[in-house]
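Structural description and commentary
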Amino acid sequence: MTRTGWLLALGLLSSNPIAAQTTKGDAVTAPSVADYQPQGADERGLWMDVAEAERELKTSNFIVHDPMLKAYVGAVLCRTVGSERCGAARVYLVRTPYFNANMAPNGMMQVWTGLLLRTRNEAQLAAVLGHEFAHFEKRHTLKSFRNIRAKTDAMAWLSFLPYGVGALAQIGIIGGVFANSREMEREADLASIGYLAAAGYAPAQAASIWGQLREEQDATAAERKRGSKKDKNGGFFATHPNSADRVAYLTTEASAAKDASGVTGDAEYRAALAPWWAVLIDDQIKLNDFGATEFLLARLASGSEWTSELLYARGELYRARARPGDLDKAAGFYRESIARGTTLPEARRGLGLALLRGGASDEGRSALVEYLKMKPDAGDRAMIAMLAGGV
Amino acid sequence: MIFRLLAAMALAGPLLLLAAPADAQWGAEGSASKAGFAFPKDGPVRILVFRPDVKVGEQSTGGMNEPNADWTADARRHIAAALDAAQVARANEIKPMPEMEGADGALLADYRALFRAVTNAVVQHKLFAGNRLPTKKVDFNWTLGAGVRRLGEIGGGDYGLFLHTNDSYGSAGRKAAQVVGLLFGAYIPSGVHIGYAGLVDLKTGELVWINADVAMGGDVREAAGATKRVAQLLEDFPGREGAVATKAVGK
Amino acid sequence: MRRAMLPIAAAALAIQSGAALAGWKIMPKAQPVAVAKSAMTVTPASDWNRWSERPSKRGETWTLDGVALNELSFFGGIAQGEAIYRERNKKDEPLPKFSRTMLAPDIVQAVEGSHRILLRTSLFAVDTIEPATLGGHAGVRFTYRYTVQDEEVRRKGEARAAVVGGKLYLITFAAPEIHYFDAGMAAALAIMDSAVIPAGTSVEVTR
C-alpha cells in the first residue's frame, strides 16, 4: 500500500479539501460562495468535525430518501436564498418527530420531519430554511463556538466544576452560556424576512410559525394541566427561543418589508407533503402528547375541512388516550372518516377496537371483520381475528 | 439548534468508553483476545482496515474540545504510516476497506454500528473491573456474526481491523487550571487520550483481539509519537502460530 | 445527539442518575426464579446475567453478552395507571399508562409508545400480533423492530404479555438484527415458555 493509497483511504485527500494553507482570505466572504474554504484554525477544525459527522449522517437509518420530497425542500431553499447561493447547502431530511432544522458551518443542512408537520405552507418552510441559511452565511456557529469557549474558560477559573470528559455534555445546560445567541437569532430572523420578501413569499408567515408553536405548547400544557412552557427556553424541545417578543418583531419587520404581500403556497405545500402526511401524523400521535396533536390536527383541518384522513388520525388520537368518553368520540371520528370515503383498512380496525374496548361487542366485531377483509395479510391478523370472534 | 449541533460534535465518537470509566479508572488499560488465537504460520495474512476514527483537538481551559484540523490530518497520516510499518514488520498485508455506496455501503454502516456496540460491551464487561458479566469471566467470546464475511469478500481480506483514537491536548490554560484545581483539592483531568483497536476474523465474525486504553501515550501529531501510539494500540496484537509470544494473551 | 444510546432498559435506568452500572448476578440454569419483584417465575435453560439496576420499579433485565447485544426484560404486576418503564420526565414526556380495559393491540401500542418516547426514535414498527400464552394465561405475542438515532444498530424484538388479576405481565427480548437476535431467540423463547404466573384472587382478565 502506497503512501498515497493510505492518504486516499483515510480521507485525507477527500472531496472536501480542508486547506492547510494560511491565506487570510476575505474576512467578509460568506461560506455560501462557491469553492469557499474555511479560514483559520477554528473554522477548519469545525468543518473537519462536521465533515465526519456528515459522513455518518449519510448512512443513518433516519435519513429520508424520498427523491420527490428532497427535491421539493431543495427547490424551496433555492427559491428562498437564490439559486447562486443555495448550492452551498446539502439538505438532509431526518425522520424524527420534533421541530428542528439546523445548518452546519460546512453547508450540511438538516430538516426534521417534525418540522414539516408544523409548517403549514411553503412560505413558512421558506422562513425556517432561510433562517438557518442565514446562520450559515453569517458563520454564527463559529462565533458561538468561540463564545462558548471563552465562557467555559471563564467558568473554569471561577468555580471548580468537576470537569471530566462527560462535562462536555453539560455545556448546553450551563446557564447563561447562550445569552449571546439571542443576537444571532435576531440577525437570522431579520435575514429570513429579507429572503422571503425578495423571493415573493409573504413575509408575515415567519412570525406565524412561532405563534403556532406557542399555541401548540399552550395546548400541550392545558391538556396536562400544567403551566405552558412557551416562555421557557432550554430543555430538549425548545430548540429556538419562541418568545412573544420574537413574534412581535417578526411581525413588525414583515409589514415594513418592501414587498409585504406575497404568496403563501398552501396548495403546493400540501401536495408535496401528501404522500408523507400519514406517516408523520402517526409519529406525532405516538409521542403521547394529546394536546399538541389535537391542536395540530385542528390546524391542518382549518381553512379547508376535516378530511377523512384527518378524522382517522383524530380517532387514533382519542383511542390511544382512552379516558372516559374518549372511546365514544373515537368511534365517532372513525365512522365519520369512513363515511367520507377513507379507503384505509386501519379506520375499520380503529373503529372495531374502540367499540370493543368500550363494550359494544357486536358492532366492534363486525368492524374488525371489515378490516380483515380489506387487509387479509395484516401483521396483526391472528389477534384481530380472535378479537373478531374467530372468523 | 446551532448549540445542539455543537454539543453533538463535541460528543461525536462512540463512547461508552468515554462515559464508563470512573475517576478511579483513569490510566486503566486492558486487552483481551480469543484463547489460543494466532495467525496461520505460513501464507498471507490480509488485514482490512476500516476507516479509523481519529480525532485530535485541544482542550480549552474550560474543558471544551476544540477540534484541530491540522493536528487531525497529521495524526491520520502518521497513524496510517505507523500502522503500515507495524503490520509490515509482522509480515501481514494491510489495506483499507474501500468506501462503498448503495446496499454495500449500508451493510458496512450496519457493521460499523454493530462493532461499536460490541466494543462497548467488551470494554464495559470484560476489560475493566467493576462491571464484569459473570457468565463471561472465563472465556473471551464476542462476535459480529458470520455474515461479516461479505465485507471480507468485498474488500479482499481475511481480518478486519478497527481503530479509534481521540486526543484532546490540554492547553496551557487547561494545565494551569489543573494545578490550581489540585491546590483546592478538585480533580481536573487535563487532556483526553483514549484509544482502542479491535481485530475481527472476517470468516467467522469473531472478535479475536481487542485493546483499549484511556490514558494513551505518544503525541500523535508527530511521527515518532504516532509510532508509539500505534504500538500501544496494537499491544498484544496476535502473532503467527509458533512465533515466540512476547506478552501474555487474554489478561 | 449522543452516540451509543443505550437500549431501552439501560436508557430507562440511565435516566435516573449516573447510577453505578456495576452489579451483575448469575441466574443459573434450571433454577426457577421470581422476576421483576412479582409473582411471575421463570426457569432459564442456560446461565444468564441479571442486572442489579432495574428498568422500572416492577421490572428487571437480564443479558448474555451485554444489554446492547441481548436484552431480556421482565415486567410484573403493573397496575392500572402505571407506566411500564421508568419515565424520563413524568411531566414533559409522560409514557403511556397501562389500563385494565386494554385490548391486546392496546398493550402493544403502549410498549411501542414507550420505546418511541424513551429512546426518542420514530423508527419503530410492529410486525406481528397474535394470541399466545404467558405464564399459563391467555395473552399476546408480538414482534417488532426499531433503531435508535446515532447508535444506528437495527434491532428486532419479540415479546409476550398477559393481564392477570387486572395487572400486566410482560417479557421482552430485543437484540441487533445482525446475528444477535437469531442467536439469542431460542434461549429467550425458552424462558418465556417457562414462565408461571399464579392466578390472582381477583377475576382474571382474558383478552
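In this report, the structure presented in the accompanying data block is examined. (Residues numbered from 1 in each chain as written. Chains lettered and ligands numbered in written order. Predicted model: local features only at pLDDT ≥ 70, side-chain atom pairs only at ≥ 80, totals over all residues. Heavy atoms only, no water.)

**Describing the environment of Gly-23 of chain C**
Worth spelling out the cut-off: Counting from the N terminus, the helices are the DSSP runs of H or I reaching at least four residues and the strands are the DSSP runs of E reaching at least two. Two residues form a contact once any of their heavy atoms are found within 4.5 Å.
For Gly-23 of chain C, the location among the structural elements is in the loop between α1 (8-14) and β1 (24-27). Residues Gly-23 of chain C and Arg-50 of chain C, spaced 27 residues apart in sequence, show a C-alpha to C-alpha distance of 8.3 Å. Not counting the four nearest positions on each side in its chain, Gly-23 of chain C is found in contact with Gly-130 and Asn-131 of chain B together with Arg-50, Trp-51 and Ser-52 of chain C.

**What to know about the packing of helix α9 (residues 204-224) of chain A against helix α10 (residues 244-256) of chain A**
All names here are of chain A. Inclusion rule: Lines are fitted to the C-alpha atoms to define the axes, a helix being fitted only along its stretch in contact, and any angle between axes, read from their N-to-C directions, falls within 0 to 180 degrees. Roughly parallel refers to an angle under 35 degrees, roughly antiparallel to one over 145, roughly perpendicular to one between 65 and 115, and oblique to any angle outside these ranges. Whether a crossing is left-handed or right-handed is set by the direction in which the near helix is turned from the far one by less than a right angle, anticlockwise for left-handed and clockwise for right-handed. Here the nonpolar group is Ala, Val, Leu, Ile, Met, Phe, Trp, Tyr, Cys and Pro; Asp, Glu, Lys and Arg are the charged ones; every other residue, Gly included, is treated as polar.
Following both chains from N to C, one finds α9 and α10 inclined at 160°, their axes separated by 8 Å at the closest point. The angle between the axes of α9 and α10 places the two elements in the roughly antiparallel class. You can see that α9 and α10 cross each other, and the crossing is left-handed. Contacts between α9 and α10 pair Ala-204, Ala-206, Ala-207, Trp-210, Gly-211 and Arg-214 from the former with Ala-244, Arg-246, Val-247, Leu-250, Thr-251 and Ala-254 from the latter. Classifying every residue of the contact of α9 with α10 by side-chain character gives eight nonpolar, two polar and two charged.

**Quick look at helix α16 (residues 361-374) of chain A**
Residue and element names in this part refer to chain A. Test applied: A helix's residues, less one, multiplied by 1.5 Å, set its expected span. A 1.4 Å probe rolled over the protein chains alone gives each residue an accessible area, and that area as a share of the maximum for its type sets the label: buried under 20%, exposed over 50%, partly exposed in between. Note that the arc is defined by the directions from the helix axis to the C-beta atoms.
The end-to-end C-alpha distance of α16, which contains 14 residues, comes to 20 Å, matching closely the 20 Å that a straight helix rising 1.5 Å per residue would cover. Among the residues of α16, those classed as buried are Gly-364, Ala-367, Leu-368, Tyr-371 and Leu-372. End-on, the buried residues of α16 take up no more than an arc of 145°, which puts them together on one face. Opposite its buried face, α16 presents the exposed residues Asp-362 and Lys-373, each directed more than 90 degrees away. On the buried face of α16, the contacting elements are α15 (345-358) and α17 (381-387).

**Quick word on the pattern of salt bridges**
Note the threshold: Whenever Lys or Arg places a side-chain nitrogen within 4 Å of a carboxyl oxygen from Asp or Glu, that contact is recorded as a salt bridge.
Counting across every chain of the model gives 45 salt bridges over all chains. Where Lys-375 of chain A meets Glu-346 of chain A, a salt bridge forms, and the shortest distance between an N and an O atom there is 2.9 Å. You can see Lys-375 of chain A sitting in the loop between α16 and α17 and its partner Glu-346 of chain A sitting in helix α15, a full 29 residues away along the chain. A relative accessible area of 28% places Lys-375 of chain A in the partly exposed class. By sharing partners, the salt bridges in this structure join Arg-95, Asp-282, Asp-283 and Lys-286 of chain A together with Glu-112 and Arg-116 of chain C into a single network.

No statement about biological role is implied by the geometric values presented.
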